[in-house]
Amino acid sequence: MPRLSEAIAALDALWPPGSAEAWDAVGTVCGDPDQEVSRVLFAVDPVQEIVDEAVTLGADLLVTHHPLYLRGTTTVAASTFKGRVVHTLIKNDIALHVAHTNADRADPGVSDALAGALDLRVVRPLVPDPADPEGRRGLGRVCELDHPVTVREFAARAAERLPATAQGIRVAGDPDALVRTVAVSGGSGDSLFEDVRAAGVDAFLTADLRHHPASEARAHSPLALLDAAHWATEWPWCELAAAQLDEISDRHGWDLRVHVSKTVTDPWNSHSPSPGAPN
């Protein structure tokens, strides 16, 4: 079995911490570098429900996409919900490691996993990483479909292929317009509208689209917008990341047991459609 430091070195090679955004908080949150790791759990959110799942599973390492502490803190007291997460992890000898915007920029990364879940062919990054001479890393992905489909059909595909959430898929645009090219970005993507317009795609699938940016984007062009739940657009990365660690484990003879949490940690848990609302 590898030590935690060896497992983290392998994860950092997949998602270099130096490629994360300056504001981000990635890397190891807690854990003894010398402890042995035999079971790993991947999840999107480091919330108590996921930590309890890691305890029940007997995991030694929890890898999440979202940081536990994105901003500074002065306490890890168990009377706070984040402090209770830390206490539970340490009491049960579970390390926590975060791969956030460094996993977004990676090749393959979060948006590659999203494109794969939607059966899209990745053409290039939406926002290329200038530090990558091969032009494969960066934020978001520009993709092509095997054959054109309507916006309505593409939205139905997304609703079927992505994990089920209360929100489902919201759509802005002509439901009968044809989609041949798509930009995708796992997580919040409305800061990328200029890049999406420059890419000249027919549709943009992401999450957390706000009213004003979406309204302005629709006024600029006939671009179709598909807004999925934040958690749902990033969960496919967990399966990709687990497969990557499985391959590393086999190569090194580590015999790790790697798991992906299927617990839905999207904060929205119900939906009541407005009477007479468009479907």
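Residues numbered from 1 in each chain as written. Predicted model: local features only at pLDDT ≥ 70, side-chain atom pairs only at ≥ 80, totals over all residues. Heavy atoms only, no water.

Participant: How do you make sense of the sheet that holds strand β9 (residues 203-207) when you look at a structure like this?
Facilitator: Pairing between the strands of a sheet comes from backbone hydrogen bonds, and it takes one of two forms, parallel or antiparallel. In space, the six strands of this open sheet follow the order β5-β6-β8-β9-β10-β7, with mixed pairing throughout. Bordering the open sheet on either side are β5 (121-128) and β7 (169-172), each of which pairs with just one other strand. Averaged over neighbouring strand pairs, the angle between their axes works out to 25° when direction is ignored. With six bridges joining them, β5 and strand β6 (residues 138-150) adopt antiparallel strand pairing. Bridging across to β6, P125 finds its partner in R141. Together, β6, β7, β8 (178-188), β9 and β10 (224-228) form the strand contacts of helix α6 (residues 151-161), whose direction differs from that of β6 by roughly 120°. Strands β8, β9 and β10 of the sheet are contacted by helix α9 (residues 230-252), whose axis makes an angle of about 90° with β8. (Pairing = 2+ DSSP bridges. Helix = DSSP H or I, 4+ residues; strand = E, 2+ residues; numbered from the N terminus. Axes fitted to C-alpha atoms, helices over the stretch in contact; angles between N-to-C directions. Contact = heavy atoms within 4.5 Å.)

Participant: So what exactly am I meant to see when it comes to the packing of aromatic side chains here?
Facilitator: In this description, a pair of aromatic rings is defined by centroid distance and the angle of the planes. Summed over the entire model, instances satisfying the criterion amount to four aromatic pairs. On the basis of an interplanar angle of 40° and a centroid distance of 6.5 Å, the ring pair of W231 and W235 is categorised as tilted. Highlighted residues: W231 and W235, both in helix α9, separated by four residues, approximately one helical turn. The pair W231 / W235 is uniform in exposure class, with both members buried. Ring pairing ties together the aromatic residues W15, F42 and W237, which thus form one cluster. (Phe/Tyr/Trp six-rings, centres within 6.5 Å; stacked < 30°, edge-to-face > 60°. Buried < 20%, exposed > 50% of the residue type's maximum accessible area, 1.4 Å probe, protein only.)

Participant: Whenever I open this one, the environment of R105 confuses me. Can you help?
Facilitator: For R105, the position within the fold is in helix α4 (residues 101-105). In this structure the C-alpha to C-alpha distance between R105 and R137, which are 32 residues apart in sequence, comes to 5.4 Å. With residues near it in sequence (within four places) discarded, R105 still touches S19, E21, D129, R137, G138, L139 and R141. A distance of 3.3 Å separates the side chain of R105 from the backbone oxygen of S19, its partner in a polar contact. (Polar contact = N/O pair within 3.5 Å; in protein donor to acceptor, adjacent residues only side chain to side chain.)

Participant: Honestly, the sheet that holds strand β2 (residues 39-43) in this entry has me stumped. Any pointers?
Facilitator: Here we have five strands laid out as an open sheet, ordered β1-β4-β3-β2-β11, and mixed in their pairing. In this open sheet, the two strands that pair with only one neighbour each are β1 (27-30) and β11 (257-260). Along the sheet, successive strands turn relative to each other by an average axial angle of 25°, direction set aside. Of the strands in this sheet, β1, β3 (61-64) and β4 (95-98) touch helix α1 (residues 4-14), which is tilted by about 20° from β3.

Participant: Looking at this model, I keep getting lost on the packing of helix α2 (residues 48-57) against helix α3 (residues 81-91). Mind explaining?
Facilitator: A packed helix pair is summarised by two numbers, namely the angle formed by the two axes and the spacing between the axes. Relative orientation of the contacting elements α2 and α3 amounts to 10°, with a least axis distance of 10 Å. In terms of orientation, α2 lies roughly parallel with respect to α3. Contacts between α2 and α3 involve Q48, V51, D52 and V55 from the former and F81, R84, V85, T88 and L89 from the latter. Here the residues of the contact of α2 with α3 are counted per class, giving five nonpolar, two polar and two charged. (Parallel < 35°, antiparallel > 145°, perpendicular 65-115°, else oblique. Nonpolar A, V, L, I, M, F, W, Y, C, P; charged D, E, K, R; others polar.)

Participant: What is the right way to read the side chain of T233 from this model?
Facilitator: Note that T233 resides in helix α9. Note on T233: relative accessible area 0%, which makes it buried. At a separation of 2.8 Å, a polar atom in the side chain of T233 contacts the main-chain amide nitrogen of G187. Once you skip the residues sitting within four places of it in the chain, T233 turns out to touch V110, L114, G186, G187, L205, T206, A207 and A228.

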